[in-house]
Amino acid sequence: QKLIESIIKPLGGYRRIAQNTAWKIRYDAYSNDFNSATTNAISLIKLGQNMHGHGTLVEQVVGIVIEAISNYSIFENMNAANWPEEKLGEIQTQLEQYADRPVMTLEGEKAFAYDYIQRSFTDDGQGNGRILKKGIPIAVGNWRELLNGFFVTGFPDRQQTIERVESLYKNSEQRFAKTLI
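Definitions and cut-offs
Residues numbered from 1 in each chain as written. Predicted model: local features only at pLDDT ≥ 70, side-chain atom pairs only at ≥ 80, totals over all residues. Heavy atoms only, no water. Helix = DSSP H or I, 4+ residues; strand = E, 2+ residues; numbered from the N terminus. Buried < 20%, exposed > 50% of the residue type's maximum accessible area, 1.4 Å probe, protein only. Contact = heavy atoms within 4.5 Å. Areas by Shrake-Rupley, 256 points an atom, 1.4 Å probe, with all protein chains shown as cover. Patch = residues over 30% accessible without salt bridge, like charges linked within 9 Å, V, L, I, M, F, W, Y side chains within 5 Å. Salt bridge = Lys/Arg side-chain N within 4 Å of Asp/Glu carboxyl O. Axes fitted to C-alpha atoms, helices over the stretch in contact; angles between N-to-C directions. Parallel < 35°, antiparallel > 145°, perpendicular 65-115°, else oblique. Polar contact = N/O pair within 3.5 Å; in protein donor to acceptor, adjacent residues only side chain to side chain. Core = buried A, V, L, I, M, F, W, Y, C linked by side-chain atoms within 4.5 Å. Expected span 1.5 Å × (residues − 1). Phe/Tyr/Trp six-rings, centres within 6.5 Å; stacked < 30°, edge-to-face > 60°. Lys NZ or Arg CZ within 6 Å of the ring centre and 35° of its normal.

Summing up its helical and strand segments, the protein chain has eight helices and zero strands in all. When the helices and strands of the protein chain are listed from N to C terminus, the series reads α-α-α-α-α-α-α-α. A buried classification covers 36% of the 181 residues belonging to the protein chain. Contacts in the protein chain between residues far apart in sequence, at least 24 positions, make up 65% of those at least 6 positions apart. For the protein chain, the accessible area works out to roughly 11500 Å², and carbon and sulfur atoms hold 56% of it.

Written out as structure tokens, the structure reads:
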């Protein structure tokens, strides 16, 4: 809970920056100050695009929202303010620069899972170990596996849990790649 709060709290500042910059873009466009409007639009696009594929999913979604705010402020004012073609070309170039970059990745979440595994298993000195009580949630998928682990087969070791987590994130990233195309 504290981890999520520590991630989300500073992201509100990004949202305020994006909203204020969007208002500045509108003001500059209607004041025919297209140099300033274009510079601010590109700055806002860069801020959103630089959050693509970095950090946790929450941070990446905030980046998408920031980019959407920028795009909306540009598209909303494009026709009304008669932006010059060369300024629109600058914005288009910036938008195309990150076209091949992944929008969302699970690297941040995977790092948290590995950290949790590190703290939830003993270390046998060879990269493996047995589960500690707090590691049960990540090693067990449902109540049947929990009962099976207690009474029949035992719980997976550290290496088996890492393989399970890697498989989960690999499958999830493949689904992301399919749905974000």
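So much for the structure itself; the text now carries on.
Attention now goes to a nonpolar patch on the surface. On the surface, Leu147, Phe150, Phe151 and Val152 cluster together to form a nonpolar patch covering roughly 470 Å² of accessible area. Tracing the sequence through the fold places Leu147 in helix α7 (residues 143-151). Leu147 gets classed as partly exposed once you look at its relative accessible area, which sits at 39%.

One way to put it is that helix α2 (residues 34-50) packs onto helix α4 (residues 85-97) with a least axis distance of 10 Å and a crossing angle of 10°. As far as their axial angle goes, α4 and α2 are roughly parallel. The residues of α4 that touch α2, namely those facing Phe34, Asn35, Thr38, Ala41, Ile42, Ile45, Lys46 and Gln49, are Lys87, Glu90, Ile91, Gln94 and Leu95.

Inspection of the secondary structure puts Thr38 in helix α2. By relative accessible area, which is 1% here, Thr38 ends up buried. Of the polar contacts made by the side chain of Thr38, one reaches the backbone oxygen of Phe34; its length is 2.7 Å. Excluding residues that lie within four positions of it along the chain, Thr38 makes contacts with Trp83, Lys87, Glu90 and Ile91.

To continue, consider the pattern of salt bridges. This model, assessed by the stated rule, comprises five salt bridges. The salt bridge partner of Glu90 is Lys87, with a shortest N-O separation of 3.4 Å. Taken together, the residues span about one helical turn, with Glu90 and Lys87 both in helix α4 at a distance of three residues. Residue classification places Glu90 among the partly exposed residues on the basis of a relative accessible area of 35%.

The next point concerns the nonpolar core. A general feature of soluble globular proteins is that nonpolar side chains tend to end up buried together. Core analysis: the biggest nonpolar cluster contains 17 residues, and Ile25, Leu44, Ile66, Trp83 and Ile91 have the highest contact counts within it. Every element with two or more residues in this core is listed here: α1 (2-30), α2 and α3 (57-81). Of all the elements, α2 adds the most residues to this core, at six residues. Contacts of Ile66, omitting those with residues within four sequence positions, involve Tyr14, Ala18, Leu44, Leu47, Gly48 and Met51. Grouped together as the second largest cluster of nonpolar side chains are 11 residues, Leu106, Ala113, Ile136 and Tyr169 included.

Helix length check: helix α5 (residues 107-120) (14 residues) gives 20 Å between terminal C-alpha atoms against 20 Å at 1.5 Å per residue, within 8%. All of the buried residues along α5 are Gly108, Glu109, Lys110, Ala113, Ile117 and Ser120.

Quick look at unusual backbone geometry now. Phi is positive for Asn32, close to 60°, though the residue is something other than glycine. Among the secondary structure elements, Asn32 is positioned in the loop between α1 and α2. Its relative accessible area of 55% is what places Asn32 among the exposed residues.

Tallying each qualifying case throughout the model produces zero aromatic pairs. Positioned over the ring face of Trp23 is Arg26, at 4.5 Å from the centre of the ring.

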